[in-house]
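Listed below, chain by chain, are the residues.
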Amino acid sequence: VTDALKQASQLLSRRCQIRLRLVDWVTLPVRDSLCQLPVEPPARRRALDLRAAALKHADPSALALFLLPTSEDTRISWSLVDRSRASACDSPQETRFLARFGSIFFTDLSWDSKPAVGGYERPALLLAHEVLHSLTQRGHPSGAPRGAVMADHVADIGTDVDADWCACALQSPYLRPLP
C-alpha cells in the first residue's frame, strides 16, 4: 500500500502537481463491519452507505482509504462520488452527499502484483485513478482513451492524465497547501 501511494503520488505530482501523503494507518478488527460486507450488491451498498455515514471527518481535506477483503464482488476498487446534478469540480454541492464524499475502497485483489505500465505498478495506477475520482467528484468518463489513468477498465489504465482532470482536481476542497 505504501509503495502504491508513493508511485501514485509521483504520477499525480508529475502530471498535476498533486502529492499524496499517508498520515495515519488503522487496522480494523475482523469483526468490523467493513470486513464482513454482504456479497449481494444492494445489501453491500447499504452497508457501505451506513458505514461511510459514521466516518464523517471534521477536516474536509481527509481522504479516507479503506482496504476490504475480496469477495464475489467483481469491482476491485472504487470511489464514492457525489452524483448530484449540482456536482462539479467544487463538489460536494449537496450536504446529503457529504457522508459519502472522499472515501476510496479497495479489495485485496487491487494489490496483486501486475505488470508495470510506464514504470508504474497497477495498484499505483488504480490508486491515482480513484484519487482523481474523489478529488474531481466525477464518475467514470465515457470514451476515455486506452492507456489513460481515468479509463474505465483496469486493463486500460495507463499513465496518461488529461489536463482537464488535473485542473478539476486542483479545485478540490480536499487539497491543502504543503509546507
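The structure this text deals with has already been given above.
This section reports on the structure supplied with the text. (Residues numbered from 1 in each chain as written. Predicted model: local features only at pLDDT ≥ 70, side-chain atom pairs only at ≥ 80, totals over all residues. Heavy atoms only, no water.)

Quick look at the overall build of the chain now. A tally of regular secondary structure across the chain gives four helices and three strands. Mapped from its N terminus to its C terminus, the chain presents α and β elements in the order α-α-β-β-β-α-α. Relative to its full complement of 179 residues, the chain shows a buried share of 41%. A sequence separation of at least 24 residues applies to 66% of the contacts in the chain between residues at least 6 apart. With the model as given, the accessible surface of the chain reaches about 10000 Å², and the carbon-plus-sulfur share is 52%. (Helix = DSSP H or I, 4+ residues; strand = E, 2+ residues; numbered from the N terminus. Buried < 20%, exposed > 50% of the residue type's maximum accessible area, 1.4 Å probe, protein only. Contact = heavy atoms within 4.5 Å. Areas by Shrake-Rupley, 256 points an atom, 1.4 Å probe, with all protein chains shown as cover.)

This next bit is on the environment of Thr159. Position of Thr159 relative to the elements: it lies in the loop between helix H3 (122-136) and helix H4 (163-169). Measuring from C-alpha to C-alpha, the distance between Thr159 and Ala148 comes to 5.8 Å, with eleven residues separating the pair along the chain.

In this section: the sheet that holds strand S2 (residues 77-79). With mixed pairing, the three strands of this open sheet are ordered in space as S1-S3-S2. Two strands bound the open sheet, and with one partner strand each, they are strand S1 (64-68) and S2. Across this sheet, the average inter-strand angle for adjacent strands is 15°, counted without regard to direction. Bridge count for S1 against strand S3 (residues 103-107) is five bridges, and the pairing is parallel. Paired with Leu68 across the strands is Thr107, a residue of S3. On the sheet, H3 packs against S1, S2 and S3 and is oriented at approximately 155° with respect to S3. (Pairing = 2+ DSSP bridges. Axes fitted to C-alpha atoms, helices over the stretch in contact; angles between N-to-C directions.)

Take the packing of helix H1 (residues 2-16) against H3 next. Think of two packed helices as two axes; the pair is described by the angle between the axes and how far apart they sit. At their nearest, the axes of H1 and H3 sit 8 Å apart, and the two run at 60° to each other. In terms of orientation, H1 lies oblique with respect to H3. You can see that H1 and H3 cross each other, and the crossing is right-handed. On the side of H1, the interface is formed by Ala4, Leu5, Gln7, Ala8, Leu11 and Leu12, while H3 contributes Pro123, Ala124, Leu125, Leu127, Ala128, Val131 and Leu132. (Parallel < 35°, antiparallel > 145°, perpendicular 65-115°, else oblique. Left-handed = near helix turned anticlockwise from the far one by under 90°.)

Over its 15 residues, H3 runs 21 Å from end to end, which matches the ideal 21 Å to within 8%, given 1.5 Å per residue. Gln137 lies just past H3 and shows a positive phi near 60°. (Expected span 1.5 Å × (residues − 1).)

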